[in-house]
Amino acid sequence: MQALFLDGTYPVDMAKAASRLRALREAAGLSVRELARQIDEQHSNLVYWETSGNLPRSNVLLPLARALGVSVEELLGQPKPRRSATPASKLGQLFDAASRLPRRQQQKIVELLQPFVREHSVDLATANGSAN
């Protein structure tokens with residue numbers, strides 16, 4: 001992200017920036033006033049940014065991106081960084097999906113995983129203990 005700021009200007013097309021900001025706000029289901037309240041700015045500033053294509057001060061970008069549910073890079077029009085699904089992120093995604101299941105199904109997952117985790121945690125502890 002630092003590379004975006006090195007030359008002192010944002011690499012954006014003003015018309016695209018204006019329409020992108022408005023589209024992101026509308027996609028988030030926020031009015032201009034609600035978004036302004038969330039980021040502690042005047043609503044007239046948001047109207048200006050949306051109509052002129054000028055971007056807000058750098059100290060507003062992060063709160064604005066968070067309120068809109070996007071990254072600062074996406075807010076500035078950069079492509080969303082692609083992340084490869086590592087085993088840890090796959091596991092996180094799986095647990096996130098499992099957390100939305102009904103309680104009874106969540107309990108079945110817990111019953112299935114607990115013995116597996118216990119068994120392999122002991123293996124790890126034994127391996128770490130023998131390495132010392």
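What counts and how
- Sequence positions are assigned chain by chain, starting from 1 and proceeding in written order.
- Restriction of local features to residues with pLDDT of at least 70 applies here, the model being predicted, together with a cutoff of 80 or more for giving and counting side-chain atom pairs; totals for whole chains, interfaces and linings are based on all residues.
- Side-chain metrics in this entry use all non-hydrogen atoms of the structure; hydrogen atoms and water are not considered.
- Secondary structure is summarised from DSSP: a helix means a run of H or I of at least four residues, a strand means a run of E of at least two, and numbering begins at the N terminus for each.
- Only protein chains enter the accessibility calculation, which uses a 1.4 Å probe; a residue whose area is less than 20% of its type maximum is buried, one above 50% is exposed, and one in between is partly exposed.
- Working definition of accessibility: Shrake-Rupley area with a 1.4 Å probe, residue cover restricted to the visible protein chains.
- Side-chain atoms within 4.5 Å are what join buried Ala, Val, Leu, Ile, Met, Phe, Trp, Tyr and Cys residues into a set we call a nonpolar core.
- Helix axes are fitted to C-alpha atoms over the stretch in contact, other axes to C-alpha atoms as well, and angles between N-to-C directions run from 0 to 180 degrees.
- Working definition: roughly parallel below 35 degrees, roughly antiparallel above 145 degrees, roughly perpendicular at 65 to 115 degrees, and oblique for all remaining angles.
- By definition, turning the near helix anticlockwise from the far helix through less than a right angle yields a left-handed crossing, and turning it clockwise yields a right-handed one.
- By definition in these notes, contact holds between two residues if any of their heavy atoms fall within 4.5 Å.

Draft legend 1. Region of the structure containing the overall build of the protein chain. For the protein chain, the helix and strand inventory stands at eight helices and zero strands. The order of α-helices and β-strands along the protein chain, N terminus first, is α-α-α-α-α-α-α-α. Burial statistics for the protein chain: of 132 residues in total, 23% are counted as buried. Accessible area of the protein chain: about 9800 Å², with a carbon and sulfur share of 55%.

Draft legend 2. Layout of the nonpolar core. Grouped together as the largest cluster of nonpolar side chains are 21 residues, with contacts concentrated most on Leu35, Ile39, Leu46, Leu64, Leu68 and Leu75. Among the elements of the structure, helix H2 (14-27), helix H3 (32-39), helix H4 (43-52), helix H5 (58-68) and helix H6 (72-75) are those that each provide at least two residues to this core. Counting residues per element, this core draws most heavily on H5, which supplies six residues.

Draft legend 3. Examining the packing of H3 against H4 more closely. Where H3 meets H4, the axes come as close as 8 Å, and the angle between the chain directions of the two elements is 115 degrees. Accordingly, the angle class assigned to the pair H3 and H4 is roughly perpendicular. Of the two possible hands of crossing, H3 and H4 adopt the one that is right-handed. In this structure, H3 contributes Val32, Arg33, Leu35, Ala36 and Ile39 to the contact, and H4 contributes His43, Leu46, Val47, Trp49 and Glu50.

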